[in-house]
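What the coordinates show
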Amino acid sequence: QVQLVESGGGLVQAGGSLRLSCAASGRAFHTYVMGWFRQAQGKEREFVAAISRTGGNTDYANSVKGRFTISRDNAKNTGYLQMDSLKPADTAVYYCAADAGGYVGPNRRNYGRWGQGTQVTVSS
């Protein structure tokens, strides 16, 4: 099984940028689809973005399209989420997730492995 550890969260002003990383260990990272989800306080966990095993296919939530970019470096066993033009509404704990079945999309039940999360706070 793959283990996931997120990093790169922090406090940023509105309009700023952050880059989250998801370091994977264990089974070969390149065999997993990778996704990012987020959970704001008092709300359900929601889909942010997903990327296929090779990086050739991506999917984004409408709320982040054009502002966030998901990518991966299989040689480094690491996935990334570049977040630009951040808004206070982006404040949440961000989770990295992995799916061994090849699904690229927003259904969190397809993702069997999860990291512990990293806090992102955007101030106005």
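Just above, that's the structure.
Now for a quick tour of the structure. These figures come from a predicted structure and were not determined experimentally. (Residues numbered from 1 in each chain as written. Predicted model: local features only at pLDDT ≥ 70, side-chain atom pairs only at ≥ 80, totals over all residues. Heavy atoms only, no water.)

1. A few points about the state of the cysteines
By the definition in use, this model includes 1 disulfide. A sulfur-sulfur separation of 2.0 Å characterises the disulfide bridge that pairs Cys22 with Cys96. Here Cys22 and Cys96 share a disulfide; its torsion about the S-S bond, -75°, makes the bridge left-handed. Placement of the pair is Cys22 in strand β3 (residues 18–26) and Cys96 in strand β9 (residues 92–99), with a sequence separation of 74 residues. Grouping residues by exposure puts Cys22 and Cys96 together as buried. (Disulfide = S-S within 2.5 Å. Helix = DSSP H or I, 4+ residues; strand = E, 2+ residues; numbered from the N terminus. Buried < 20%, exposed > 50% of the residue type's maximum accessible area, 1.4 Å probe, protein only.)

2. Considerations on the pattern of salt bridges
Where charged atoms from two side chains of opposite charge approach closely, those side chains can pair. Scanning the model with the defined rule gives 3 salt bridges in all. Put simply, Glu46 and Arg38 hold a salt bridge, and the shortest N to O gap is 2.6 Å. Note on Arg38: relative accessible area 6%, which makes it buried. In this structure, Arg67 engages Asp90 in a salt bridge whose closest nitrogen and oxygen atoms are separated by 2.8 Å. Placement of the pair is Arg67 in the loop between β6 (58–60) and β7 (68–73) and Asp90 in the loop between β8 (78–83) and β9, with a sequence separation of 23 residues. Among the charged side chains, a network of salt bridges with common partners joins Arg38, Glu46, Arg67 and Asp90. (Salt bridge = Lys/Arg side-chain N within 4 Å of Asp/Glu carboxyl O.)

3. Things to note about unusual backbone geometry
Unusually for a residue other than glycine, Asn77 sits at a positive phi of about 55°. Residue placement: Asn77 occurs in the loop between β7 and β8.

4. Examining the packing of aromatic side chains
To describe a pair of aromatic rings, you give the distance between the ring centres and the angle between the ring planes. Applying the stated criterion across every chain, the model contains 5 aromatic pairs. The interplanar angle of 70° and the centroid separation of 5.6 Å between the aromatic rings of Phe37 and Phe47 together place this pair among those described as edge-to-face. Linking Phe37 in strand β4 (residues 33–39) with Phe47 in strand β5 (residues 46–51), this pair joins segments that are 10 residues apart in sequence. For Phe47, a relative accessible area of 10% puts it in the buried group. Connected via pairs of aromatic rings, a cluster forms that spans Phe37, Phe47, Tyr103, Tyr111 and Trp114. Lying over the aromatic face of Tyr80, Arg19 brings its terminal NZ or CZ to 4.0 Å of the ring centre. One residue, Arg45, lies across the ring of Trp114, its end atom 5.0 Å from the ring centre. (Phe/Tyr/Trp six-rings, centres within 6.5 Å; stacked < 30°, edge-to-face > 60°. Lys NZ or Arg CZ within 6 Å of the ring centre and 35° of its normal.)

5. Examining the sheet that holds β3
Strands pair in a sheet through their backbones, by hydrogen bonds, and they do so in one of two ways: parallel or antiparallel. Strand order in the open sheet formed by 4 strands is β1-β3-β8-β7, and the pairing between neighbours is antiparallel. Lying at the two open borders of the sheet, with one neighbouring strand each, are β1 (2–7) and β7. Geometrically, the sheet is characterised by an average inter-axis angle of 20° between neighbouring strands, direction not taken into account. Relative to β8, β3 is paired through 6 bridges, and the arrangement is antiparallel. Each residue of the ladder has a partner; that of Ala23, found in β8, is Thr78. (Pairing = 2+ DSSP bridges. Axes fitted to C-alpha atoms, helices over the stretch in contact; angles between N-to-C directions.)

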